Amino acid sequence: MEYNWLLILIPGLPLLGAALIAAGAQGRWNRSFLAALGCTAVFLAFVATVLVRLQYNAAAPFGSVHMPLWSWGVDGVGLGLLGDSISTWFALVVTGVGFLIHLYSAAYMADDPSYPRFFAKLNFFIFAMSVLVLADGFVGMLIGWANVGVASYLLIGFWHARPAAAAAAKKAYWVNTVGEIGLILGAIVMLQHFGSLYFADVLPQAWFAPQNVLNAVALLLLAGAVAKSAQLPLHVWLPDAMQGPTPVSALIHAATMVTAGVYLVVRAYPIFEAAPWGLPAVALVGIGSVLFGALAALGQNDIKRVLAFSTMSQVGYMMLGAGVGAYSAALFHFATHAFFKALLFLGAGVVIHRFGGEQDIRKMGGLGKSHPFAYWTFLIGTLALVGLPPLAGFYSKDAIVVGALMAGRPWLWALAVVGAGLTAFYMMRLFALVFTGDSPEVAAFQRGEGARKAAAAAEAGVGRSRPVPPLKMVPLVVLTLLSIVGGFFAMPDLSGVPGAAEGARLAAPPAHEAAVAGRVLTKSSAATLTIALLLAVSVIGGGLALQRFGPKRAPQTAESGFVKAAGAGFYFDDFYRAVFVRPLRATAGFVGDVTEPHVIDGAVNGVARLAATLSGAVRRVQSGYVRRYALALMAGVAVVLIYFVLMV
Amino acid sequence: MPGFAIEGYVIVSVVLFALGIAGVLVRRSPLVMLMAIELMWGAAALLFLAFARQFALMDGHVFSFLILVVGAAEAAIGLGLIVLLFRAREAVDVDEVRELRG
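Residues numbered from 1 in each chain as written. Chains lettered and ligands numbered in written order. Predicted model: local features only at pLDDT ≥ 70, side-chain atom pairs only at ≥ 80, totals over all residues.

S.K.: Teacher, can you tell me more about the overall build of chain A here?
M.R.: A tally of regular secondary structure across chain A gives 28 helices and 2 strands. A burial count over chain A gives 51% of its 648 residues as buried. Across chain A, contacts joining residues at least 24 apart in sequence account for 80% of those joining residues at least 6 apart. (Helix = DSSP H or I, 4+ residues; strand = E, 2+ residues; numbered from the N terminus. Buried ≥ 20, exposed ≤ 12 C-beta atoms within 10 Å, placed from the backbone. Contact = placed C-beta atoms within 7 Å.)

Shown next, in the form of structure tokens:
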């Protein structure tokens, strides 16, 4: 059955949806209809993805689903869609989780005046991300990459009247552009050297290229990945991106867009493997981001910023997995992370809603008693992230950490374990501060202040659990279930679940299966040791956090210097501002205030003034005196006569 | 005709032409300037006829007729303009009619 045209539907339907919704917004169609249109488009794209995956499974391991779309006439430069194991894996998560978030947004954004615009932009994002992961070459991937950046800009700055949101959107776009430059340069080098930009042409040839070319390409591509995936040192845009609506944070900055860098590294793994600096650089970036993200999350007090740094850290794990050659583990972690991180963000939306827009976790508390549904979903998400068995995160994180050990990198393994401990600490801190203890109203009442305020608040229903609307509940429930059972989809034979060995193959890149199989989690003692260590550090970290921030917590003391530094992102923002932003602004100011009016305008105006001056001089010839004109005429005649007389 | 001396005719023509130029440049009444221009036409016609006589060609005679006709037309128009000018202002001094300038 030739279903190649299905591939077009995956990006095409959301694109069509975006266009229709945008048109409908102009024409003031019914808002609920437009939201339903957006959700349906993504749902159908998901169905198409499933069908493509099934077709791929039937054709594997030799075939893949391919649909060439457009050629620019230059050899090797063209656009097409490819459905193989990696791309369909990503596409399933993108469209699946994307659909769930569309459903959630239909309820969450219902009060927003620009409701239809949100769905148009969200659909556009799904289109762009699908193009990115389904492309059959670097051209298509770059197109998707750039459009995803635009979508991110549009969605972070959705509430564009807010200056903070507009600034955050611009910052995200600029930092991403830095990486994109690297990506484009890498593509140019590849085109120059391999003569083509299709994966099928470039990747098999990677082993035969000279080392310096490979190193250059690998580092340039990595630059793009680092920017898009908010890894060290180009991570600064991600915490600010939390200015966008919470569903946007869930979809783009947790589940899908930030993983585009991981997709790039895994897709181009032959280049990274063949380049001597390739995989080590990836692993270094990964472990650096794991630790930095975890440490910075310790000092954050905004619930979304904690989750943002947590995303940076977890994507670091994915990069680490790719950097040690455990590609299937990295992709596995990508999927499970999408589930529980989206769950956490959507849950954070419920929390923020309940506290009336407050996002500072120091001012929260006691949600566990009044909102059991939020309590349990957030708890499961947290535990999945921390990596408690049998939840999803345990298997995927384990696979990566064991992979590091079995690839012969004990230092990376140890640091990854440390990172897991830190993860447990900051996540339990978050959970405890938000859900345990007394609600802020009760705490204020106990402190003796505002008895009347507390009574009024109770009257107004603040803090009282409202029934969760089904559109919000269903995605949360589905994501919770996926966070619980997601681990079994790609579970290696440790669990004895039938088909587990098959699962390890689910995400493996085709040509690499034999090597990967050797690195998949086995019953060796190394694996057992790792599991034990990870569990130990998680329990210790979580326990410490619960003790410090749990129900019987002492009132907040002054923050230590380290925590303050962590809260400020270890001053990366300030550094970039001083080194890049201020000089650039000064230069722009100089150009705008000095060069533009004086030099350029001066030159243009000067030419005009010269013309005016000259013409002012020349116009005196037209004096109006007829006799003077006659004299000029006669003088000319005399000159001509003299000339002729002399010539003859 | 025996002893036709063309030099005389040329000299007379040149002198008349110069007088005409002088008249245009020096006089300030438009009417007199017009007359000086007509004088220049006449000088040119004289030259044409002299050379026509010299080389026994009819071209010079034809051209002098042309000059007469064109001179008549020009005089008509010029005089019409001068009449209009006289109607607009009393004393006409060509130096005072200088609105058309830069």
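S.K.: What exactly am I supposed to notice about the overall build of chain B here?
M.R.: In terms of helices and strands, chain B carries 3 helices and 0 strands. The C-alpha atoms of chain B give 17 Å as radius of gyration, which overshoots the globular expectation for 102 residues (13 Å, by more than 25%). Seen through its principal axes, chain B has C-alpha atoms that stretch 55 × 25 × 25 Å. Pairs at least 24 residues apart make up 50% of the contacts formed inside chain B by residues separated by at least 6 positions. (Rg over C-alpha atoms; globule rule 2.2 N^0.38 Å.)

S.K.: Just to check I follow, could you spell out the interface of chain B and chain A for this structure?
M.R.: Often, the extent of an interface is quoted as the loss of accessible area upon association of its parts. Listed as interface residues are 10 residues of chain B and, on the opposing side, 10 residues of chain A. Looking at side-chain class alone, the side of chain B that touches chain A contains 5 nonpolar, 1 polar and 4 charged residues. (Nonpolar A, V, L, I, M, F, W, Y, C, P; charged D, E, K, R; others polar.)

S.K.: For this particular structure, what's the right way to read the pairing of strand E2 (residues 78-83) of chain A?
M.R.: The side chains of a regular strand alternate between both faces of the sheet. Residues and elements named next belong to chain A. Extensive coverage of E2 is indicated by the burial of 5 of its 6 residues. In this structure, strand E1 (residues 65-71) lies alongside E2, joined through 6 bridges in antiparallel fashion. Bridge pairing in E2 places His66 opposite Leu82. A loop of 6 residues connects E1 with E2, the two strands running antiparallel in sequence, and Gly73 in this loop sits at a positive phi of about 85°. (Pairing = 2+ DSSP bridges.)

S.K.: It is not clear to me how unusual backbone geometry should be interpreted in this structure. Could you clarify?
M.R.: Trans is the prevailing form of peptide bonds, just as negative phi is the prevailing case for residues other than glycine. Residues and elements named next belong to chain A. With an omega of -5°, the peptide bond between Leu232 and Pro233 qualifies as cis. The residue Pro233 is located in the loop between helix H8 (211-228) and helix H9 (237-240) in this model. Phi is positive for Tyr571, close to 60°, though the residue is something other than glycine.

S.K.: For this particular structure, what's the right way to read helix H14 (residues 303-323) of chain A?
M.R.: Three- or four-residue spacings in an α-helix give side chains the same orientation, since the helix completes a turn every 3.6 residues. Residue and element names in this part refer to chain A. Its 21 residues place the ends of H14 30 Å apart at the C-alpha level, agreeing with the 30 Å of an ideal helix rising 1.5 Å per residue. Counting buried positions along H14 yields 21 of 21 residues, so the element is predominantly enclosed. With its phi angle positive at about 90°, Gly325 sits one or two positions after the end of H14. (Expected span 1.5 Å × (residues − 1).)

S.K.: Can you walk me through the packing of helix H2 (residues 31-59) of chain A against helix H4 (residues 115-134) of chain A in this structure?
M.R.: Between two packed helices, the angle of one axis relative to the other and the distance separating the axes together describe the packing. Residues and elements named next belong to chain A. Two elements in contact, H2 and H4, have axes separated by 9 Å at closest approach and are oriented at 10°. On the basis of their axis angle, the class for H2 and H4 is roughly parallel. Regarding H2 and H4, the two cross each other, and that crossing is left-handed. Mapping the contact onto sequence places Arg31, Leu34, Ala35, Gly38, Ala41, Val42 and Ala45 in H2 and Tyr115, Pro116, Phe119, Leu122, Asn123, Ile126 and Ser130 in H4. Within the contact of H2 with H4, the residues separate by chemical class into 10 nonpolar, 3 polar and 1 charged. (Axes fitted to C-alpha atoms, helices over the stretch in contact; angles between N-to-C directions. Parallel < 35°, antiparallel > 145°, perpendicular 65-115°, else oblique. Left-handed = near helix turned anticlockwise from the far one by under 90°.)

S.K.: Just to check I follow, could you spell out H8 of chain A for this structure?
M.R.: All names here are of chain A. Taking 1.5 Å per residue, 18 residues should reach 26 Å; H8 reaches 26 Å between its end C-alpha atoms and fits that length. Among the residues making up H8, those that are buried are Leu214, Val217, Ala218, Leu220, Leu221, Leu222, Ala223, Gly224, Ala225, Val226, Ala227 and Lys228. Buried positions along H8 lie against helix H5 (138-156), helix H6 (163-194), helix H11 (260-267), helix H12 (269-274) and helix H13 (278-298). Downstream of H8 by one or two residues, Ala230 has phi in the positive range, about 55°.

S.K.: How should the confidence of the model for chain A be read in this particular structure?
M.R.: Residue and element names in this part refer to chain A. Summarising the model, chain A shows a mean pLDDT of 83, and 88% of its residues fall at 70 or more. Across chain A, H5 holds the top mean pLDDT of 93, while helix H23 (residues 500-506) sits lowest at 34. Per-residue pLDDT stays below 50 along residues 491-521; that stretch engages in 58 contacts with residues further than four places along the chain or on separate chains. (pLDDT = per-residue confidence, 0-100.)

S.K.: What is the right way to read the nonpolar core from this model?
M.R.: The tendency in soluble globular proteins is for nonpolar side chains to be buried as a group. All names here are of chain A. Core analysis: the biggest nonpolar cluster contains 209 residues, and Val265, Leu320, Ala330 and Ala342 have the highest contact counts within it. Examining the composition of this core, we find that 18 residues originate from one element, helix H15 (residues 327-354), more than from any other. Those residues within four positions of Ala330 in sequence are excluded, and the remaining contacts are Val262, Val266, Met318, Gly321, Ala322 and Ile400. (Core = buried A, V, L, I, M, F, W, Y, C linked by C-beta atoms within 7 Å.)

S.K.: What's the story with the environment of Arg53 of chain B in this structure? I'm lost.
M.R.: Relative to the assigned elements, Arg53 of chain B resides in helix H2 (residues 30-55). For the pair Arg53 of chain B and Arg87 of chain B, spaced 34 residues apart in sequence, the C-alpha separation works out to 45 Å.

S.K.: For this particular structure, what's the right way to read the confidence of the model for chain B?
M.R.: The predicted coordinates of low-pLDDT regions are not to be read in fine detail. In the predicted model, chain B carries a mean pLDDT of 90, and the fraction of residues at 70 or more is 96%. Quick note on the complex model: pTM equals 0.78, ipTM equals 0.88.

S.K.: Would you mind showing me how to read the environment of Gln205 of chain A here?
M.R.: Residue placement: Gln205 of chain A occurs in helix H7 (residues 199-205). The spacing of Gln205 of chain A and Phe194 of chain A is 11 residues in sequence and 7.6 Å in space, taken between C-alpha atoms.

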